[in-house]
Amino acid sequence: MLVQALRDEKMEEFRKQFLKLHPYDRAKFYVEQSPEVRKRMYEYLSPAEMAEIFDHLDIEEDEYKIYLSEMDPMFVAQMLAHMYADNAADVLNELDKNEVANYLTIMDDEAAKDIQGLLHYKEYTAGSIMTTEYIAIHANQTVRSAMQILKREAANAETIYYLYVVNEQRQLVGVLSLRELLTSDDDAMIHDVMNDQVVSVLVDEDQEDVARKMQNYDFLALPVVDANNHLLGIITVDDIVDVISEEATDDYSKLAGVPDVDIQYTP
Ligand code: ATP
Ligand code: MG
C-alpha cells in the first residue's frame, strides 16, 4: 500500500501512513525499495524525517555511500545535521575526505562542529561510539535552574535520564538521575543532591570494556572523559547493545572456525 501510494504519486497518503510507523520499520521499508522508489521518498520526506530513518538503518557500513549518492548533496548535509552526531560521524567515516569536507561546509555550523569533533576517534574506542548530545549542569546552581536547562536541552539530548555536573573547566564532578532531580527540593543546590563518585570511561578505552562497565554498573548511559577528566560525551545503552551483538558475532565466528564477516568483505 505504501509502495502503491509512492507509485501513484500520492504524497499526502504516503506521508500519513508512513509516518505512523516506528522509525525502525520506516528504515526497513526504505532499504527494501528500488532506487527509483527511494528517490520519490526523498521528495516526499524532509531531511529531518530522513534523518530519523538513517538513525535507525541497519546496513553494512560500505552501503551508506550508495544511498547518499541517490540524494541531492544539500539534502544529505541537512539530513546529517539532523541525525545524532555519533551516527552522522559513523556515516561520514565511510566517505572520502573531500566528500566529508564538502558536506560539513554546506551544513549548519553548530551541527558540523559536533560531528567534526567525533570524526577523528579511532574505531572500537569509547570515543568512536559516544555522542556529544548530553545534558551538563553546574554544581553551584539550584535544582530549579537545572530543571530549566533540562527543559531547554531535552529535545536535542540523546538521553535526559542523567544530568552530568561539570566545573568551570568542564571537568566531570557529579551526576544526577532525572528521578533524583525531580524528587529534590527546587531550592536545593546541585552539589548537595548530586552523586560525586562518578563512574566514567576514558575516550580511548576499548568499546568492549565500556560494554562490560555498563553491564556491571547497570547504568543507562556512561560519561566519556579525557585523561584530565574533561567531559567529552556520553555512551548510551542502545549503542552498547550494538557493540555486544557485534562482539557476539565475532566470537561465534571464531568458535565456528569461519572468518568473521568483515574479513570476507575485504578484497
Ligand atoms: P530508576 O528508579 O529509574 O532506576 P534512579 O534514579 O535509581 O532511577 P538509575 O539509573 O538506577 O536511576 O541510577 C542509579 C544511581 O546511579 C542514581 O543515583 C544515579 O544518579 C547514579 N548514576 C548514574 N550514572 C552514574 C555514573 N556514571 N556514575 C555514578 N553514578 C551514576
Ligand atoms: Mg535505580
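Residues numbered from 1 in each chain as written. Chains lettered and ligands numbered in written order. Predicted model: local features only at pLDDT ≥ 70, side-chain atom pairs only at ≥ 80, totals over all residues. Heavy atoms only, no water.

Caption draft 1: Structural view of the environment of Val210. Counting through the fold element by element, Val210 comes out in helix H15 (residues 207-217). With 48 residues separating them in the primary sequence, Val210 and Tyr162 have C-alpha atoms 17 Å apart. Every residue in contact with Val210, bar those within four places of it in the chain, is listed here: Ala126, Val201, Leu222, Ile235 and Ile240. (Helix = DSSP H or I, 4+ residues; strand = E, 2+ residues; numbered from the N terminus. Contact = heavy atoms within 4.5 Å.)

Caption draft 2: Examining a negative patch on the surface more closely. A contiguous patch of negative charge on the surface is contributed by Asp58, Glu60, Glu61, Asp62, Asp90, Glu123, Asp238, Asp242 and Glu246. With 3 residues, helix H16 (residues 237-256) is the largest single contributor of residues to the negative patch. (Patch = residues over 30% accessible without salt bridge, like charges linked within 9 Å, V, L, I, M, F, W, Y side chains within 5 Å. Areas by Shrake-Rupley, 256 points an atom, 1.4 Å probe, with all protein chains shown as cover. Salt bridge = Lys/Arg side-chain N within 4 Å of Asp/Glu carboxyl O. Lys, Arg positive; Asp, Glu negative; His and termini not counted. Charge placed at Lys NZ, Arg CZ, Asp CG, Glu CD.)

Caption draft 3: Just the sheet that holds strand S4 (residues 201-202), in detail. Spatially, 3 strands are ordered S4-S5-S6 in an open sheet, and the strand pairing comes out mixed. This sheet does not close on itself; its edge strands, each paired only once, are S4 and strand S6 (231-236). Sheet topology places strand S5 (residues 221-225) next to S6; 5 bridges connect them, and they run antiparallel. In the strand pairing of S6, Leu222 is matched with Ile235. Against the sheet, H15 engages S4, S5 and S6, with an angle of about 135 degrees to S5. (Pairing = 2+ DSSP bridges. Axes fitted to C-alpha atoms, helices over the stretch in contact; angles between N-to-C directions.)

Caption draft 4: Layout of the layout of surface pockets. Size it by volume and the second largest pocket reaches roughly 900 Å³. At the level of secondary structure, the elements contributing two or more residues to the lining of the second largest pocket comprise helix H5 (47-55), helix H7 (73-82), helix H10 (109-119), strand S1 (136-138), helix H12 (143-153) and S6. With 6 residues, the single largest contributor to the lining of the second largest pocket is H7. Residues of the lining of the second largest pocket, tallied by class, amount to 23 nonpolar, 5 polar and 9 charged. (1 Å grid on protein atoms, 1.4 Å probe; cavity = no way out; pocket = protein on both sides within 12 Å on 5 of 7 lines; lining within 4 Å. Points joined across faces, edges and corners; volume = space filled by probe spheres on them. Nonpolar A, V, L, I, M, F, W, Y, C, P; charged D, E, K, R; others polar.)

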